[in-house]
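# Observations on the three-dimensional arrangement
The primary structure of each chain is shown beneath.
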Amino acid sequence: MNKTSFVYTTYIATTPEKLWQALTNSEFTKQYFFGREIISDWQVGSSFKLMDKDKVDHHGEVLVCEPYRLLTVTWSVRDVEGERFSKVTYELTPMNSTVKLTLSHDDILEKDGFNNGWPSILSNLKSLLETGKTLPAF
């Protein structure tokens, strides 16, 4: 099966510092990532876990960590063939009072379906940072 990439860009009325905290702080991720908590010390080479209550939903390794600018992690994908890893990159670009957030999810298979999850997660993130509330459940 061919590997592909998914890229999603959004513009958020916030600061790079607030967006970075939202991406890397479990109290924030619980609010917009459908209850999931992200856990890591964000040092290159360290592990990260995305927890759904007491269960590890995804896990991986921190590849790049440049606060307020760039974060890249490996991202576990489980399927019938077992577990493999893809790569997720968050790139933050300040633009006056807005931050351009580009998410790239690389080395995924078309059947993985990440193009369905990321837009709703990042829309929730944008709403939370701009209004203090996530989107209504859908």
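Residues numbered from 1 in each chain as written. Predicted model: local features only at pLDDT ≥ 70, side-chain atom pairs only at ≥ 80, totals over all residues. Heavy atoms only, no water.

The next subject is the overall build of the protein. Looking only at helices and strands, one finds three helices and seven strands in the protein. N-terminal to C-terminal, the α/β element order of the protein is β-α-α-β-β-β-β-β-β-α. Taken over C-alpha atoms, the radius of gyration comes to 14 Å for the protein, in line with the 14 Å a tight globule of 138 residues would show. Projecting the C-alpha coordinates of the protein onto the three principal axes gives extents of approximately 45 × 35 × 30 Å. Counting only contacts in the protein whose residues sit at least 6 apart along the sequence, the fraction spanning at least 24 positions is 46%. Taken as a whole, the protein presents about 7500 Å² of accessible surface, with 50% of it coming from carbon and sulfur. (Helix = DSSP H or I, 4+ residues; strand = E, 2+ residues; numbered from the N terminus. Rg over C-alpha atoms; globule rule 2.2 N^0.38 Å. Contact = heavy atoms within 4.5 Å. Areas by Shrake-Rupley, 256 points an atom, 1.4 Å probe, with all protein chains shown as cover.)

This model, assessed by the stated rule, comprises six salt bridges. Between Lys30 and Glu27 there is a salt bridge whose closest N-O contact spans 3.4 Å. Pair noted here: Lys30 and Glu27 are both in helix α2 (residues 26-32), with a separation of three residues, about one helical turn. Classification of Lys30 as partly exposed rests on a relative accessible area of 33%. In this structure, the salt-bridge partner of Arg69 is Glu66, at a minimum N-O distance of 2.7 Å. Classification of Arg69 as partly exposed rests on a relative accessible area of 41%. Linked by salt bridges that have partners in common, Arg36, Asp52, Lys55 and Asp57 make up one network. (Salt bridge = Lys/Arg side-chain N within 4 Å of Asp/Glu carboxyl O. Buried < 20%, exposed > 50% of the residue type's maximum accessible area, 1.4 Å probe, protein only.)

Let's shift gears to the packing of aromatic side chains. One pass over the full model with this rule turns up eight aromatic pairs. Centroid distance Tyr32 to Phe33: 6.1 Å. Interplanar angle 45 degrees. Geometry classified as tilted. Among the aromatic residues, those joined into a cluster by ring pairs are Tyr32, Phe33, Trp42, Phe48, Trp75, Tyr90 and Trp118. (Phe/Tyr/Trp six-rings, centres within 6.5 Å; stacked < 30°, edge-to-face > 60°.)

Before going further, it helps to examine the pairing of strand β4 (residues 55-66). Taken together, the six bridges between strand β3 (residues 47-52) and β4 define a ladder with antiparallel strand orientation. Residue Leu50 lies in a different strand from β4, and its bridge partner there is His58. (Pairing = 2+ DSSP bridges.)

By secondary structure assignment, the location of Ser127 is in helix α3 (residues 114-131). With sequence-adjacent residues up to four places away left out, Ser127 is seen in contact with Gly132, Lys133, Thr134 and Leu135.

Residue placement: Phe85 occurs in strand β6 (residues 82-95). Sequence spacing of Phe85 and Ser123 is 38 residues, and the spatial spacing of their C-alpha atoms is 25 Å. Each residue touching Phe85, except ones within four places of it in the same chain, is listed here: His59, Gly60, Thr74, Trp75, Ser76 and Asp107.

This part covers the nonpolar core. Leu19, Trp75, Tyr90, Leu101, Trp118 and Leu125 are the most contacted members of the largest nonpolar core, which totals 31 residues. Residue contributions to this core peak at six residues, all from α3. (Core = buried A, V, L, I, M, F, W, Y, C linked by side-chain atoms within 4.5 Å.)

Next up on the list: the confidence of the model for the protein. Of all residues in the protein, 91% have pLDDT values of 70 or greater, and the mean over the chain is 90. Ranking the elements of the protein by mean pLDDT puts α3 last, at 87, and helix α1 (residues 16-24) first, at 97. (pLDDT = per-residue confidence, 0-100.)

At Trp42, a residue that is not glycine, the phi angle is positive and equals roughly 60 degrees. At Tyr68, a residue that is not glycine, the phi angle is positive and equals roughly 70 degrees. Relative to the elements of secondary structure, Tyr68 occurs in the loop between β4 and β5 (70-79). On the accessibility criterion, Tyr68 (40% relative accessible area) is partly exposed.

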